[in-house]
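# Descriptive analysis of the structure
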Amino acid sequence: MQGAGPSEAGSLHLEQPRGASSGLGLGSGVTSSYPWAMHSGNYLQLNREEWSALRASTPMTLEEDEVLALRGINSQISTADVEEVFLPMSRLFNLYVAASQGLHQVTDTFLGK
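Here the structure is a predicted model, which is why all the values come from computation and not from measurement. (Residues numbered from 1 in each chain as written. Predicted model: local features only at pLDDT ≥ 70, side-chain atom pairs only at ≥ 80, totals over all residues. Heavy atoms only, no water.)

The next thing to look at is the overall build of the protein chain. What the protein chain contains, in helices and strands, is three helices and four strands. Along the protein chain, helices and strands appear, N-terminal first, in the series β-β-β-β-α-α-α. Residues classed as buried in the protein chain amount to 25% of the 113 residues present. The contacts in the protein chain between residues at least 6 apart in sequence include a share of 42% that link residues at least 24 apart. (Helix = DSSP H or I, 4+ residues; strand = E, 2+ residues; numbered from the N terminus. Buried < 20%, exposed > 50% of the residue type's maximum accessible area, 1.4 Å probe, protein only. Contact = heavy atoms within 4.5 Å.)

Below you can see the structure in the form of structure tokens.
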């Protein structure tokens, strides 16, 4: 995945690297297994509500004052932003890390390490 982030229109665009297979049905004219997701080319487009739902049960562990402390000069991040945008992203990253670790374990087992 080369790029991920919210766009001006409130949709999130996830880009699949060229030649990679994500299992999401991105690119190559294959339809998405997610009927609510719009896609074109290498992008899966989710609106903020759809993206937020992918948070699943990822807990919100920051208090309001901690969110305020994370704000930058030009960044007005809110608790809602954290819950609706960053927690689903955090969950996705955690799933990628877990999958990568699992792949390394399987490879080590195969190689007798």
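Having seen it, we continue.
Going through the model one piece at a time under the given rule, you end up with two salt bridges. Here Arg 48 makes a salt bridge to Asp 81, at a shortest N to O gap of 2.6 Å. With Arg 48 in helix H1 (residues 48-53) and Asp 81 in helix H3 (residues 79-110), this pair connects stretches of sequence that are 33 residues apart. When its relative accessible area of 32% is taken as the criterion, Arg 48 is described as partly exposed. (Salt bridge = Lys/Arg side-chain N within 4 Å of Asp/Glu carboxyl O.)

If you look at the biggest cluster of nonpolar residues, it comprises six residues: Leu 44, Leu 46, Trp 51, Val 85, Met 89 and Leu 92. Of all the secondary structure elements, the ones that give two or more residues to this core are strand E4 (43-47) and H3. The dominant element in this core, judged by the number of residues it contributes, is H3, at three residues. (Core = buried A, V, L, I, M, F, W, Y, C linked by side-chain atoms within 4.5 Å.)

Moving on to unusual backbone geometry. Backbone phi values are negative for most residues with the exception of glycine, while trans is the configuration of most peptide bonds. For Ala 56, which is not glycine, the phi torsion reads 55 degrees and is therefore positive. Among the structural elements, Ala 56 can be located in the loop between H1 and helix H2 (64-70). Looking at Ala 56, the relative accessible area reads 52%, which means it is exposed.

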